[in-house]
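Below are the chains, spelled out letter by letter.
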Amino acid sequence: MTADTMPVDDVVGNALVPISGLLRLLLPTSAVGFAIKGLDGRYRLANPTIEELLCRPGEHLAGRSEDELVPPPTCSLLAECDRQILAGETSASAWVELGHSGQRRHCAWLKMAILAPDRTLQAIASLVEPAIPQQASAAIQETLRRLQDANRDLQQMVVELEQVASTDRLTGAWNRRRIEEGVQSEMERMVRYGHPLCLLLIDVDHFKPINDQHGHAVGDAVLQRLVALLQAALRKVDSLGRWGGEEFLVLCPNTARATAAAAAERLRQEVADAHFATVGRVSVSIGVAECAAGESWQEWFARADAALYRAKNGGRNQVQVAPEVACHANGKDYVAADFVQLVWRSAYECGNEIVDHGHRQLFADANRLLSAILADQPADEIGTIVDRLLSDVVAHFREEEAVFTAAGFPAAGEHVLLHQALTAEAHRLLDHYRGGTRAAGDVFQFLAYEVVTKHLLGADRLFFDFLRPPATAMNPGSEVGPLASPDARR
Ligand SMILES: Nc1nc2c(ncn2[C@@H]2O[C@H](COP(=O)(O)OP(=O)(O)OP(=O)(O)O)[C@@H](O)[C@H]2O)c(=O)[nH]1
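Residues numbered from 1 in each chain as written. Predicted model: local features only at pLDDT ≥ 70, side-chain atom pairs only at ≥ 80, totals over all residues. Heavy atoms only, no water.

As recorded by an unreviewed UniProt entry, the chain carries the name diguanylate cyclase and is attributed to Candidatus Accumulibacter adjunctus. Listed in UniProt under the heading Catalytic activity (unreviewed entry), the comment for the chain reads: "2 GTP = 3',3'-c-di-GMP + 2 diphosphate". Under the heading Sequence similarities (unreviewed entry), UniProt records this for the chain: "Belongs to the hemerythrin family." (UniProt positions renumbered as here; feature names shortened; annotations may be inferred.)

Trainee: Hey, could you run me through the overall build of the chain in this one?
Mentor: A tally of helices and strands in the chain yields 15 helices and eleven strands. Split into buried and exposed, the 490 residues of the chain put 49% on the buried side. Long-range pairs, those at least 24 residues apart, make up 62% of the contacts in the chain between residues at least 6 apart in sequence. Summing over all exposed atoms, the chain offers an accessible surface of approximately 23300 Å²; the carbon and sulfur share of this is 54%. (Helix = DSSP H or I, 4+ residues; strand = E, 2+ residues; numbered from the N terminus. Buried < 20%, exposed > 50% of the residue type's maximum accessible area, 1.4 Å probe, protein only. Contact = heavy atoms within 4.5 Å. Areas by Shrake-Rupley, 256 points an atom, 1.4 Å probe, with all protein chains shown as cover.)

Trainee: Teacher, can you tell me more about helix α5 (residues 176–193) here?
Mentor: Residue pairs three or four apart in sequence face the same way in an α-helix, which turns once every 3.6 residues. For α5, with 18 residues, the first-to-last C-alpha span of 25 Å sits near the 26 Å given by 1.5 Å per residue. Every buried residue of α5 is listed here: I179, G182, V183, E186, M187 and M190. In a view along the axis of α5, the buried residues occupy a sector of 135°, so they form one face of it. For α5, the exposed residues set more than 90 degrees away from the buried face come down to Q184, V191 and R192. (Expected span 1.5 Å × (residues − 1). Arc of directions from axis to C-beta.)

Trainee: Just to check I follow, could you spell out the pairing of strand β2 (residues 33–38) for this structure?
Mentor: Along any regular strand the residues' side chains alternate between the sheet's two faces. Burial analysis of β2 places six of its six residues in the buried class, which makes it a mostly covered element. Of the two faces of β2, both are covered, the one formed by G33, A35 and K37 as well as the one formed by F34, I36 and G38. The pairing of β2 with strand β6 (residues 121–130) spans six bridges and is classified as antiparallel. Counted as the bridge partner of A35 is S126 from β6. (Pairing = 2+ DSSP bridges.)

Trainee: How should I be thinking about the environment of V386 in this particular structure?
Mentor: Positionally, V386 belongs in helix α12 (residues 379–406). Note on V386: relative accessible area 3%, which makes it buried. Dropping the residues within four chain positions of it, V386 is found in contact with L369, L430, Y433 and V443.

Trainee: I'm lost on the site of the ligand in this one. Help?
Mentor: Neighbouring the ligand are 20 residues, the closest being F207, N211, D220, R242 and R316. Measuring from a nitrogen atom of the ligand, one finds a side-chain N or O atom of N211 at 2.7 Å. H216 is positioned such that a nitrogen or oxygen atom in its backbone is 3.1 Å from a nitrogen atom of the ligand. Taken by itself the ligand offers 670 Å² of open surface, and the protein chains cover 74% of this. If you list the elements that add at least two residues to the shell around the ligand, you get β7 (197–204), α6 (207–214) and α7 (216–233). (Near = heavy atom within 4 Å. Polar contact = N/O pair within 3.5 Å; in protein donor to acceptor, adjacent residues only side chain to side chain.)

Trainee: Could you clarify how one ought to interpret the sheet that holds strand β11 (residues 319–321) in this entry?
Mentor: The pairing of strands in a sheet comes from backbone hydrogen bonds and takes either a parallel or an antiparallel form. As summarised here, the arrangement of the five strands in space is β8-β9-β7-β10-β11, forming an open sheet in which the pairing is mixed. Both outer strands of the open sheet, β8 (239–244) and β11, are each paired with one neighbouring strand and no more. Across the sheet, the mean angle separating the axes of adjacent strands is 20° when strand polarity is ignored. Pairing between β8 and strand β9 (residues 247–253): five bridges, direction antiparallel. When the bridges of β9 are listed, G244 appears paired with E247. The strands that α5 touches are β7, β8 and β9; relative to β8, the one it contacts most, it runs at about 130°. (Axes fitted to C-alpha atoms, helices over the stretch in contact; angles between N-to-C directions.)

Trainee: Explain the packing of α6 against α7 here, please?
Mentor: Helix packing for two helices is described by the angle between their axes and how far apart those axes are. Between α6 and α7, the least distance of the axes is 6 Å, while the angle of their chain directions is 135°. The orientation of α6 with respect to α7, classified from their angle, is oblique. Residues F207, I210, N211 and H214 of α6 form the contact with α7, whose own contacting residues are H216, V218, G219, V222 and L223. Residue composition of the contact of α6 with α7, grouped by class: five nonpolar, four polar and no charged. (Parallel < 35°, antiparallel > 145°, perpendicular 65-115°, else oblique. Nonpolar A, V, L, I, M, F, W, Y, C, P; charged D, E, K, R; others polar.)

Trainee: Would you take a moment to explain the nonpolar core for this structure?
Mentor: Most often, soluble globular proteins have nonpolar side chains that are buried together. Counting residues in hydrophobic clusters, the biggest one holds 32 residues, and the most contacted among them are L200, F276 and I286. In this view, L200 contacts F248, L249, V250, C252, A260, A264, L267, I286, G287 and V288; residues no more than four positions away in its chain are not counted. One finds L54, L69, I85 and I124 within the second-largest nonpolar core, a separate group that totals 23 residues. (Core = buried A, V, L, I, M, F, W, Y, C linked by side-chain atoms within 4.5 Å.)

Trainee: Hey, could you run me through the packing of aromatic side chains in this one?
Mentor: Two measures describe an aromatic ring pair: the distance that separates the ring centres and the angle between the ring planes. This model, assessed by the stated rule, comprises nine aromatic pairs. Following the ring pairs from residue to residue traces out a cluster consisting of F404, F409, F463, F464 and F466. The ring centre of W243 lies 3.9 Å from the NZ or CZ of R176, which sits over that ring. Between R225 and the ring centre of F276, over which it is positioned, the NZ or CZ distance is 5.5 Å. (Phe/Tyr/Trp six-rings, centres within 6.5 Å; stacked < 30°, edge-to-face > 60°. Lys NZ or Arg CZ within 6 Å of the ring centre and 35° of its normal.)

Trainee: Hey, could you run me through the side chain of E295 in this one?
Mentor: Note that E295 resides in the loop between β10 (284–290) and α9 (297–313). A polar atom in the side chain of E295 sits 2.8 Å from the backbone nitrogen of A292.

Trainee: It is not clear to me how the environment of D40 should be interpreted in this structure. Could you clarify?
Mentor: Assignment of secondary structure puts D40 in the loop between β2 and β3 (43–46). C-alpha separation for the pair D40 and A123, spaced 83 residues apart in sequence, amounts to 8.9 Å. A polar contact is formed between the side chain of D40 and the backbone nitrogen of R42, at a distance of 3.0 Å.

Trainee: It is not clear to me how the pattern of salt bridges should be interpreted in this structure. Could you clarify?
Mentor: When charged atoms on two side chains of opposite charge get close, those side chains can pair. Per the stated rule, a full pass over the model turns up 24 salt bridges. Put simply, E66 and K37 hold a salt bridge, and the shortest N to O gap is 3.1 Å. In this pair, E66 is assigned in the loop between α2 (48–54) and α3 (72–86) and K37 in strand β2, connecting sequence segments 29 residues apart. With a closest N to O distance of 3.9 Å, E52 and R105 form a salt bridge. Residue E52 is found in helix α2, and its partner R105 is found in strand β5 (residues 105–115); the two are separated by 53 residues along the sequence. Look at the salt bridges and you will find they share partners, linking K37, E66, D82 and K111 into a network. (Salt bridge = Lys/Arg side-chain N within 4 Å of Asp/Glu carboxyl O.)

This is the structure we're talking about:
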């Protein structure tokens, strides 16, 4: 497989994704042999020049290792280059004889480390250039110089593009992908060193009216100013990211619950005291949670989310802190006992039996999946639950579409599109799950967060008013559930 037929993004996982554009330019046309191998020693990508030097006609480099391609003496020279790179060198070179059927050529082979932004080795790139033996010394010097320049440019580009790929374009805060990476490494550090670790979930209050009254551009400017304020008020070691829309997340390493609560209160106050152009005052609600030993990211996030939810429900412009969680060796007791089980409340009802029944069904399905995951049920049993869940989601969407269309919901078309997008994402996730590249926990998270929390309890509320007969227009207010009032968080 050559560069133009292989998705470059697959080459070495995330590490090379940002430089795929460069590689696409470089590979098919280069007169220099270029290849990348993973740390398993197998080539992932090669251009025609290097394939011509290393493979027989019709053969390809991808998937093969050096000992299958070159004779043992050459292989040891190349292995020595690898050893140097594994020991921390950024490049290593060797003179080797390459070629087949008597057409052997003297070549300069330069290996280079491909490093992730955190400087860990991701893969090894090779640049190979034939040279005329008499000119060997000068030629190799020149080749190495050029290749090393190229390596430097490549590394620089990786760093720059990685930065672009990690940053939210509007606000300059970390984007969701980068936050997730940060969460993973901070959780690992917490486990290793036992430092406390806290999470702040920040949501702008009544942001929709800002957009509605002043326009989207003003809303954007508010988000930008908010991030500037928060960045300025945070410690350097804290990481601010945009989780989505008007929701932000701060990771506070080495910070215990009480300190994080105080920091959150300071942030809240800073925002409340600030003047925002055009709109004047803006406030934020903040949920704080300290990561408990043995807790998963999903569990931890959900506790911060629940605290934020309380802050919204409690009147906004306030900080709420998640209660401390007793350590749990495997996390299961806690999860099973608490909020990660989705609890149906009457306030979630819209009054239409078909819609409410479908929503209750999906809550139950999601809980069944969670229980199966926590009980370590066999993969085929979890697979059956997942299949059932997906078919329930699809059936519910179909029924619901009929209901809101008949009720004259003006945004029916857009809502159908939302359903289609969620269904497509669910199918994609399930394919990955069946293919073994995503865990059942990811499926649950998607269902719990994207389908249930955000969609059923969020987007669906838009058509609730159209379904209620005027005489019984409201849910009696006696139970002001989180989603029963227009003040609800989602
Ligand atoms: N201007 C702008 N608006 C955005 C952006 N992302 C999301 N939004 C808007 O943010 C608004 C969020 O509204 P809601 O989720 O109803 O929340 P809210 O009005 O802040 O209400 P509460 O959170 O309950 O206090 C929606 O109108 C989104 O369109 C963005 O990048 N720029």
